[in-house]
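# Coordinates in review
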Amino acid sequence: MTTMTMDGATVTGRSRRLSVRMFCLVFLAVLVAVAVLAPLLAPYPPEQQDVLSANLGRSGGHLLGTDALGRDLFSLIVYGARLSLIGPALVVAGATLLGVTLALTASWFGGRVDTVISRLCDVLMAFPSLLLAVLAVAVLGTGFGAPLIALTIAYAPFMTRAIRSIAIRERNLPYIEACQMAGFSVWRITTRHLLPNVRSLIVSQGSFMFGSAMVDLAALSFIGLGVQPPRTEWGLLMSQSRSALLNGQPLGTLVPGLLIVGVVIAVNLLGASLHKDKS
Amino acid sequence: MTGQPLLEVRDLAVDHVDGNHRTPILRGLSFDLQPAEALGIVGESGSGKSVTLQAIRRTLPRALRATGSITVDGQDVFAMGASRLRTWHSSGVAMIHQDPRAAINPVRTIGDFLTETLRRRLSKNEAVQRALKQLRAVGIANAESRLEQFPHELSGGLLQRVMIASALLDEPDLIMADEPTTALDVTTQQEVMAIIDELRRERGMAMILVTHDLDLAAAVTDRVATFYAGSLVEMGESNDLHRNVLHPYTRGLLDSRPSVTAREELRPIPGRPARASEVGPGCAFVARCPLAISVCETHAPPLVPESGRFVACHRVAEIASRPQHETGASA
Amino acid sequence: MSDHAVNVANLRKVFSRGGRGHDVVAVDDVSFSVARGSSLAIVGESGSGKTTCARIIAGLETATSGQLEINGQAQETGRLTHRKRGQRARDVQMVFQDPRASLDPMQTVGAALVEVLGQQTSLSRTERRARALELLDQVGLDERAAESLPRHMSGGQRQRVAIARALAADTDILILDEAVSALDVSVQAQVLRLLQELREIRQLTYVFVSHDLGVVRQISDMCVVMNQGRVVETGPTERVLDSPAEQYTRELISAVPGPGWVPRRRKVSVG
C-alpha cells in the first residue's frame, strides 16, 4: 500500500529521482569499471613515451591524441581514473570513520566531552583544507599519502558536525533509554541502535564529501604537490597539458576536467536523491 | 431551526491525490451550523475530524483535494477569491490550534502578535487597547506586561489563552478549535474551556470543536457529531448524549473510557480505529461492531433520524427500542 | 519494609541550571512504598515531578538525595555503573509513553525482543526466538508482528510490543510512564485490560505514572498525588478519589470531564 505523505514526497517525484539515481549510478559504475579494467582498455602503457609523436591531435593510433612527451592521452586518462577515484574514496572512508566516531562519542557523553570535541572541530574547520594539505606535504613530502592524511583530518569535522545534532536527537529518544533499561552496553547501543538511525545522513554527507575531496586532490596534483609522475591522475594530467592547450590541443586539459566535473555532479545528485528519500 | 444557517456543508469529501492515485480521507459529509451554535466533532485517529476543519477553511495541504460544497453566510467558500478568503480568515472565522507554539512566531512579542492584523485598520493605540481588553477577558492579569513578553516566556496554558484572545479580537462569527486543550493539564483545560465557552456564548459566536474527548465535547457544545473512518456516524443534542446514545461506535467510545467515579470492568472496542481508505463497501465500523449483521458488510447505512438524533446504522431502530444498558452487548 | 517491592524515602531531585537561572526542585522530599504484587499510581499534572520519580526508580535519573530500596535492597541513586545498570534491569523495567519513539525504528519487533532476551537471559538462539513469539502472544500479537517494523504498526500494537519487551527481562516490577496516554480511547481500554490481566497472571508490581484519573482508578490499588514536586496525598485509590482529603486532589477530580460535568472558571485570574 502506498504510504500517504503530505509533504511533497509524491510517487511521481520518487520515480523521477529513481531515474536520475540510475543514470548517475551507471555513469559512475562505468568509470569504476574503466579504472579497474585499465590494463585491458588502454591501447598503450601510460608511461610509454614517443617524442616523435608528441602533441598529435586525434589520429588513427591515438584516440585523443598525445601529450608533449608523446604519451597516449586516452591511456593516460584511463589509468588516471584509478588514483582519481580511489583518492577521494579513501578520504571519505577515513573522514567518515573519524568523524562519526567523534560525533557519536560527543552525543553519547554530552557535557564536557561534547564541548571538547565541538571546539576541536571548530578549530580544524577554521583551516582551509587545501592549506592543511599543503602543510602536510611540506612535512611528509609529496605523493599520494600526505594529501590523503591531511584531507581526512580536514574533512572529519564536517562529518562530525553533520552527524552530531541528529545523533543527539536520537540519543535522547526513549528507545535508546529502553536499550539502557535492557542493560545493553554503550558499544552495543551506539553501533546497533544509534548508528543505523543516522546511517542515511552519513551516506548523503559522504557523497557530498566525495566531490569536494576529488576536487581538492585534483587541485593538489595540479599544483604539483600531490600525485607525482610517472603515476597519472586527472588533476596532474590537466597540469601537464597546459602548454598543449596554448598550442591548440585542448583535449588533455578538457577531457580530465570534464570527467572530474561529471563525477562530482553525479555523486552530488546521488547523495541529494538519497537524502530526499529518507526525509 | 429558523433562519439561514451560518455554515452549510454538503457532501464534503477529501482525498489524498498522488498522480492518478486517490486515497479517501473524508467521505461525503453534510451538516448545517446555525449562528451562535456550537458543534462538537469527536473521533479517534483516522476519523477525518481535523481534516474537516481544514477543508472548511480551505487550508488543506497541497496533496489533499476537497470536493462538495461549503457555504458560509450564503457565500461559496470554494469559489472565494484569494483576498476574500483572506478577509474571511482574519475576521470571519478564527482558528485555535492544538499547539499554540506552532502558530505563534517565537521571535516576536505577544503584543506584536495580537496587534499585527489590527494595525491595518486601527491606530496603534486603538489596537493595543483592544488587545489588552481581550487579554483581560481571557483572565490574564498584568496584561500590559504580557504584551512585551515573548512566547517562550509563557506556559502552555497561558499561551493558549493568548491564542484565544487573538481568535476573539476581530469578533468572528465562527470559531474553529482543533483539540485546543489536549496538550494542557486537566485543570488548565477546565479553565481554558470555560473561558472559550463563556466568551463564545457572551458574544454569540458559533463554534466547531474537534476533540477526542466525548465528555468534553458534550459539556461545551449544543450538538455532538461522532466521526469514524472518515464518516459521520451519529449526531445529536449534547445533553441527550449520555442518556440516548444510539450508534454502536459512540456507545463503544463511551464504554471504553475508564471511569473516575467507579472501578468497572473495562469494555474496549476490539481492533483499532480504521482510516477511510481501509473501509469496504459496507458500514465503516463493521469490522469492530458487536452488532454487525450481513447487510452491514455490503451496504453503507444512510444517516437517518431516530429518536431525535441522526444515526448511520442499519439496526438503529432496534437499538432505539431497547433499554439503554443492553446496547453494548452483542446481539 | 522488606516485603515492599519498591520503597522510596525522602527522595529529592534538583536540576541545577548553573548560572542560567534558578535551580528547579523537581522532586521534594517524596516518600512512598509499593507493596509486592500491588499497583501504585503516581498522579499529577505537568511539573509535578511524577515522571522524575519514576525515572529515578528506573535508574534513568539520579537523585540529589534520598533512599531507594528495591525488593528490600538499598539501591544506588547516583550515576549507575554498567554492572549496576544491568542489575537494575533485572529488577525493574519501564514502559514509555510515546509508542512511536520507544522502539528502534530500524529494528523489527522480533529482533528487538530477541536482543533483550540475549542480554537478560541465558537462552539459546532457538529458545530466544521461541520465547519472543511467546511474549508477543502474551500481549495479544501474532507471529507476523515479529517480522514487522514499528512504523507499520498502530500505536496500540507498538505499546503491546513495549510491554512485551519489558516482560522479556523477566522482572516483577514494571514502571509505566503514561503508558496509555498517547493511545486512542478505544485502544487505551484494550491495553489497560491487557495490563490488568498480565499483573494477575504474572504477579507483577506496577508503578503507574499518569495524569488521567480515570486510568488511575482502573489500574491502581494505591495512589500518590503529587504537585510541584511534593506529595499532596497518599492512600488507597478508591478512598483518595471518593473522599479526597486535600484541596488540590479535589480540584483535580472536579476538572475531569464526565456526564453532567461543566467547566468552571477559577475565581482568581491568572497573573
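Time to look at the overall build of chain C. Assigned secondary structure in chain C consists of 9 helices and 10 strands. Taken over the C-alpha trace, chain C has a radius of gyration of 19 Å; the compact-globule value for 271 residues is 18 Å, and the two agree within 12%. C-alpha atoms of chain C, sized along the principal axes, occupy 65 × 45 × 40 Å. Counting all 271 residues of chain C, 55% fall into the buried class. Residue pairs at least 24 apart in sequence account for 64% of intrachain contacts in chain C once pairs closer than 6 positions are excluded.

The next subject is the overall build of chain A. Tallying secondary structure elements over chain A gives 11 helices and 0 strands in all. Along the chain direction, N to C, the helices and strands of chain A fall in the order α-α-α-α-α-α-α-α-α-α-α. Overall, the C-alpha framework of chain A stretches about 75 × 55 × 30 Å when taken along its three principal axes. Here chain A, with 279 residues, has 47% of them falling under the buried criterion. Carbon together with sulfur atoms contributes 69% to the accessible area of chain A, which is approximately 13600 Å² in total.

According to the stated counting rule, one finds 38 salt bridges over all chains in the structure shown. B:Arg251 is the partner of B:Asp255 in a salt bridge, and the nearest nitrogen-oxygen pair spans 3.3 Å. Note that B:Asp255 and B:Arg251 are positioned in helix α11 (residues 248–256) at a spacing of 4 residues, about one turn of the helix. Like B:Asp255, the residue B:Arg251 is buried in the burial classification. As a salt-bridge pair, C:Asp142 and C:Arg144 come within 2.9 Å of each other at their nearest N and O atoms. Using a relative accessible area of 66% as the deciding quantity, one classes C:Arg144 as exposed. One network of salt bridges, with partners in common, ties together B:Glu234, B:Asp240, B:Arg243 and B:Arg309.

We now examine the nonpolar core. In this structure, A:Ile163, A:Trp234, A:Val263 and C:Ile163 are the most contacted members of the largest nonpolar core, which totals 94 residues. No other element matches helix α3 (residues 73–109) of chain A, which puts 13 residues into this core. Dropping the residues within four chain positions of it, A:Ile163 is found in contact with A:Val100, A:Ala103, A:Val198, A:Leu201 and A:Ile202.

Considering every residue of chain C, the mean pLDDT works out to 91; 97% of them sit at 70 or more. Two summary scores accompany this predicted model of the complex, namely pTM at 0.86 and ipTM at 0.89.

This part covers a nonpolar patch on the surface. Residues and elements named next belong to chain A. Taken together, the side chains of Val 32, Val 36, Leu 37, Leu 40 and Leu 41 make up a nonpolar region of the molecular surface, amounting to roughly 470 Å² of accessible area. Secondary-structure elements contributing two or more residues to the nonpolar patch are α1 (11–36) and α2 (38–41). In this structure, Val 32 sits in helix α1. With a relative accessible area of 44%, Val 32 lands in the partly exposed category.

Further remarks concern the packing of α3(A) against helix α6 (residues 145–171) of chain A. Residue and element names in this part refer to chain A. Contact geometry of α3 with α6 gives a least axis separation of 6 Å together with a crossing angle of 40 degrees. Between α3 and α6, the crossing angle belongs to the class labelled oblique. Relative to α6, α3 is oriented so that their crossing is right-handed. Here the residues of the contact of α3 with α6 sort into 17 nonpolar, 7 polar and 2 charged.

On to the interface of chain B and chain C, then. Across the contact, 48 residues belong to chain B and 40 residues belong to chain C. Where chain B touches chain C, the interface holds 3 salt bridges. Between C:Arg193 and B:Glu265 there is a salt bridge whose closest N-O contact spans 3.6 Å. Where chain B packs against chain C, one counts 20 residue pairs in polar contact (both at pLDDT 80 or more). Counting residues per element, the ones that place at least two in the side of chain B that touches chain C are α7 (156–168), α8 (186–203), α9 (214–220) and α11 of chain B. Split by residue class, the side of chain B that touches chain C holds 21 nonpolar, 12 polar and 15 charged.

What follows is about the pairing of strand β9 (residues 222–227) of chain C. All names here are of chain C. Sheet analysis places strand β3 (residues 39–43) next to β9, joined by 4 bridges and oriented parallel. Along β9, the bridge assignment pairs Ala 41 with Cys 223. Two strands pair when backbone bridges link them, and β9 and strand β10 (residues 230–236) are joined in this way by 6 bridges, in the antiparallel orientation. From the neighbouring strand, Val 224 faces β10, where its bridge partner is Thr 234. The antiparallel pairing of β9 with β10 creates a hairpin that spans 2 residues between the two strands, and Gln 228 there sits at a positive phi of about 50 degrees.

Residues and elements named next belong to chain C. Spatially, β6-β7-β8-β3-β9-β10 is the arrangement adopted by the 6 strands of the open sheet, whose pairing is mixed. Two strands close off the open sheet at either side, each with one partner strand: β6 (92–95) and β10. Mean inter-strand twist for the sheet, computed between neighbouring axes without regard to direction, equals 15 degrees. Those strands touched by helix α2 (residues 82–91) are β6 and β7 (173–177), and its axis lies near 75 degrees from that of β6.

Residue and element names in this part refer to chain B. Relative to the elements of secondary structure, Met 205 occurs in the loop between α8 and β8 (206–211). It is 9.7 Å that separates the C-alpha atoms of Met 205 and Val 93, two residues lying 112 residues apart in sequence. For Met 205, the contacting residues outside a window of four places in its chain are Ala 36, Glu 37, Leu 168, Pro 172, Asp 173, Ile 175, Leu 199 and Arg 200.

It is worth spelling out the packing of aromatic side chains at this point. Counted by the stated rule, this structure contains 3 aromatic pairs over all chains. On the numbers, 4.6 Å between centres and 55 degrees between planes, the contact of B:Tyr228 with B:Tyr249 is tilted. Taken together, the residues span a long stretch of sequence, with B:Tyr228 in strand β9 (residues 223–228) and B:Tyr249 in helix α11 at a distance of 21 residues. A single burial state applies to B:Tyr228 and to B:Tyr249, both of which are buried. Here the basic side chain of A:Arg171 rests over the ring of A:Trp108, its NZ or CZ set 4.2 Å away from the ring centre. The ring of C:Phe15 is capped by C:Lys13, whose NZ or CZ atom sits 5.0 Å from the centre of that ring.

Rules used throughout
- Residues numbered from 1 in each chain as written.
- Chains lettered and ligands numbered in written order.
- Predicted model: local features only at pLDDT ≥ 70, side-chain atom pairs only at ≥ 80, totals over all residues.
- Heavy atoms only, no water.
- Helix = DSSP H or I, 4+ residues; strand = E, 2+ residues; numbered from the N terminus.
- Rg over C-alpha atoms; globule rule 2.2 N^0.38 Å.
- Buried < 20%, exposed > 50% of the residue type's maximum accessible area, 1.4 Å probe, protein only.
- Contact = heavy atoms within 4.5 Å.
- Areas by Shrake-Rupley, 256 points an atom, 1.4 Å probe, with all protein chains shown as cover.
- Salt bridge = Lys/Arg side-chain N within 4 Å of Asp/Glu carboxyl O.
- Core = buried A, V, L, I, M, F, W, Y, C linked by side-chain atoms within 4.5 Å.
- pLDDT = per-residue confidence, 0-100.
- Patch = residues over 30% accessible without salt bridge, like charges linked within 9 Å, V, L, I, M, F, W, Y side chains within 5 Å.
- Axes fitted to C-alpha atoms, helices over the stretch in contact; angles between N-to-C directions.
- Parallel < 35°, antiparallel > 145°, perpendicular 65-115°, else oblique.
- Left-handed = near helix turned anticlockwise from the far one by under 90°.
- Nonpolar A, V, L, I, M, F, W, Y, C, P; charged D, E, K, R; others polar.
- Polar contact = N/O pair within 3.5 Å; in protein donor to acceptor, adjacent residues only side chain to side chain.
- Pairing = 2+ DSSP bridges.
- Phe/Tyr/Trp six-rings, centres within 6.5 Å; stacked < 30°, edge-to-face > 60°.
- Lys NZ or Arg CZ within 6 Å of the ring centre and 35° of its normal.

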